[in-house]
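What the coordinates show
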Amino acid sequence: MNASPRLLLAAVATLLCTAAEAHISVLSGPFIAGNSQELTFNIAHGCSGVDTFRIEIHLPEGVTSVRPLDSVFGKAALSKDANGAVKSVVWTKPAAEVLPGDTHLYRVGLSALLPNKPFTTLYFPTFQSCRAADGTESTVEWSATRGGHDHGGGTGPSANPAPAVFLLPERAPGWNKYTVDQHVHDMGVFKDAQIVWAGKTAYSPNPLVRSLIEREPDTQMLQEIHPGTEIWIKY
């Protein structure tokens, strides 16, 4: 760290920002690589005015020790491969409890051991099934992994983005030094950091801090991180 970042940080308070959520999103965070954490999936709405009666979440490679939570849909059912590894979790609402319209917000959850792959995105393809009052069923596949909240890149928003989490490395309060081995396109993944430094570039999720960065001599705004870059993050 040189003198310039230290002078800038003297004017920075601990500030956070919020991020937009997809139609089905994973709440809370941050998600730390190699840790066991609880993931809550937010189902914001049904299918074109019809109530949701079934949610099926597929688990990405490397997610292990899965333990689902029962919900308003009832007990969770696990689908496993030949080796006994959990591949998906399904929650199904009893037929008598399906509502006549799309009026409720739902949440389902599970705990799992996340893979030790910091600065990568995990996608959870999700199948949302709905049932109309006349018994007609429809399914929406939330499985797109390009654009939208795709932290690995992409050319535009996806119509049905898969719920995703971005894995961050272990951290401690104050300064943390990392070497990033992945290409990070979306700086919004550092939404709970005070500031991120890489050489003569810096980023902050807070508009006030960004304005200070813009006025800092010989400092540019950090817009993406290339593999092999050494960064400093203050939490």
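See above for the structure.
Each value, and the rule that gives it
- Residues numbered from 1 in each chain as written.
- Predicted model: local features only at pLDDT ≥ 70, side-chain atom pairs only at ≥ 80, totals over all residues.
- Heavy atoms only, no water.
- Buried < 20%, exposed > 50% of the residue type's maximum accessible area, 1.4 Å probe, protein only.
- Helix = DSSP H or I, 4+ residues; strand = E, 2+ residues; numbered from the N terminus.
- Pairing = 2+ DSSP bridges.
- Disulfide = S-S within 2.5 Å.
- Salt bridge = Lys/Arg side-chain N within 4 Å of Asp/Glu carboxyl O.
- Core = buried A, V, L, I, M, F, W, Y, C linked by side-chain atoms within 4.5 Å.
- Contact = heavy atoms within 4.5 Å.

Two faces belong to every sheet, and in a regular strand the side chains alternate between them. With burial as the criterion, each face of strand β1 (residues 24-27) is covered, one bearing Ile24 and Val26 and the other bearing Ser25 and Leu27. Examined bridge by bridge, β1 and strand β3 (residues 36-43) share four bridges and lie antiparallel to one another. From the neighbouring strand, Val26 faces β3, where its bridge partner is Phe41.

Time to look at the sheet that holds strand β16 (residues 220-221). What holds strands together in a sheet is hydrogen bonding between their backbones, with the strands either parallel or antiparallel. The five strands are arranged β13-β17-β14-β15-β16 in an open sheet whose pairing can be described as mixed. Where the open sheet ends on each side, the last strands, each with one partner, are β13 (175-180) and β16. Of the strand pairs in this sheet, strand β15 (residues 201-203) and β16 are connected by two bridges, and their pairing is parallel. Residue pairing for β16: Ala202 is matched across the bridge by Met221.

Considering all chains together, one arrives at one disulfide under this definition. With a sulfur-sulfur separation of 2.0 Å, Cys47 is cross-linked through a disulfide to Cys130. Measuring the twist about the S-S bond at about 65°, one finds the Cys47-Cys130 disulfide to be right-handed. Here Cys47, found in the loop between β3 and β4 (52-58), pairs with Cys130, found in strand β10 (residues 126-131); they are 83 residues apart in sequence, far enough to count as distant. For the pair formed by Cys47 and Cys130, the shared burial category is buried.

Another point: the pattern of salt bridges. Counted by the stated rule, this structure contains six salt bridges. Notably, a salt bridge pairs Glu137 with Arg131, separated by 2.8 Å at the nearest N-O pair. Residue classification places Glu137 among the partly exposed residues on the basis of a relative accessible area of 46%.

As a further point, take the nonpolar core. Of all hydrophobic cores here, the largest spans 27 residues; its most connected members are Trp91 and Phe124. If you list the elements that add at least two residues to this core, you get β1, β3, β4, β7 (86-92), β8 (106-113) and β12 (164-168). At four residues, β8 tops the list of elements feeding residues into this core. If you look at the next biggest cluster of nonpolar residues, it comprises 19 residues, including Val184, Val189, Ala193 and Ile233.

A few words now on the environment of Ile225. For Ile225, the position within the fold is in the loop between β16 and β17 (229-234). Considered as a pair, Ile225 and Asp186 are 39 residues apart in the sequence and their alpha carbons are 8.8 Å apart. Residues contacting Ile225, with those up to four places away along its chain left out, are Val180, Gln182, His183, Val184, Met187, Phe190 and Ile231.

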